Amino acid sequence: MAQLLVSDVNAAAAARFAIATGGTVVGAADILSAKADIFAPCALGGVIDEVAAGKLRAKVVRGAANNQLATTEDGDRLAERDILYAPDYVVNAGGIINVAAKYLGWPQADSNARVEATADRLADVFTHGKTHGVAPQTAADQLARQRIAKASLDAPDELAVAA
């Protein structure tokens, strides 16, 4: 059975959410050291800094906030501690894919297929990281740069969307 730990700098908001979900409130000062399988920062960017990377007891960082890492080195610190980081712009790509689909007029089925491919892209990031001995955020950046370079070569005079 899963247990949800809830934390927010606004204690009243955390309490309301905990009541609504059956979660348990953990103070903002204690959330990093709480024993958990997954730490999901969902509103605050840059929450994983040098101090947080050292305190974190979760096995995985996967949240909905953008720019969860304060620096690239903080992702390296997580990797050194065997904490798996799922890069935010990989796992949260569905929103921008749907925006691009509307803007570019893609059929809904194409948009859905691109969103559903998120798990495969994340697996590619982890595989690339292991193969090349780099942390996931570096692997994601390398793969993104490769895709952009390839798209630029394939269609140099057009906006290339590679999702």
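Our subject is the structure listed above.
Residues numbered from 1 in each chain as written. Predicted model: local features only at pLDDT ≥ 70, side-chain atom pairs only at ≥ 80, totals over all residues. Heavy atoms only, no water.

Observations regarding the overall build of the protein
Secondary structure summary: the protein contains eight helices and five strands in total. Taken from the N to the C terminus, the helices and strands of the protein come in the order β-α-β-β-α-β-α-β-α-α-α-α-α. Taken across its 163 residues, the protein has 31% of its residues classed as buried. Looking at the protein alone, contacts between residues at least 24 apart form 40% of all its contacts between residues at least 6 apart. When the accessible surface of the protein is split by element, carbon and sulfur atoms take 56% of a total near 10,100 Å². The protein carries 15 positive and 19 negative side-chain charges, and their two centres are separated by 5 Å. (Helix = DSSP H or I, 4+ residues; strand = E, 2+ residues; numbered from the N terminus. Buried < 20%, exposed > 50% of the residue type's maximum accessible area, 1.4 Å probe, protein only. Contact = heavy atoms within 4.5 Å. Areas by Shrake-Rupley, 256 points an atom, 1.4 Å probe, with all protein chains shown as cover. Lys, Arg positive; Asp, Glu negative; His and termini not counted. Charge placed at Lys NZ, Arg CZ, Asp CG, Glu CD.)

Topic: the environment of I48
Within the secondary structure layout, I48 lies in the loop between strand 3 (38-39) and helix 2 (50-55). Judged by relative accessible area, I48 falls into the buried class, the value being 0%. Here the alpha-carbon distance between I48 and D141, two residues 93 residues apart in the chain, equals 18 Å. Not counting residues up to four positions away in its chain, the partners in contact with I48 are F39, A53, L56, Q68, L69, A70, D74 and L78.

A look at unusual backbone geometry
Even without glycine at this site, N67 takes up a positive phi of about 55°. Within the secondary structure, N67 is located in the loop between strand 4 (60-61) and helix 3 (72-80). Phi at D82 is positive, roughly 60°, even though this residue is not glycine. According to the relative accessible area criterion, D82 is exposed, its value standing at 70%.

Regarding the layout of surface pockets
Taken as a whole, the largest pocket holds about 920 Å³ of empty space. Contributing to the lining of the largest pocket are 28 residues, with L5, S7, I31, F39 and A40 lying nearest its centre. Contributing elements (two or more residues each) for the lining of the largest pocket: strand 1 (5-6), helix 1 (11-21) and strand 3. Ranked by the residues each element gives to the lining of the largest pocket, the list is headed by helix 1, at three residues. (1 Å grid on protein atoms, 1.4 Å probe; cavity = no way out; pocket = protein on both sides within 12 Å on 5 of 7 lines; lining within 4 Å. Points joined across faces, edges and corners; volume = space filled by probe spheres on them.)

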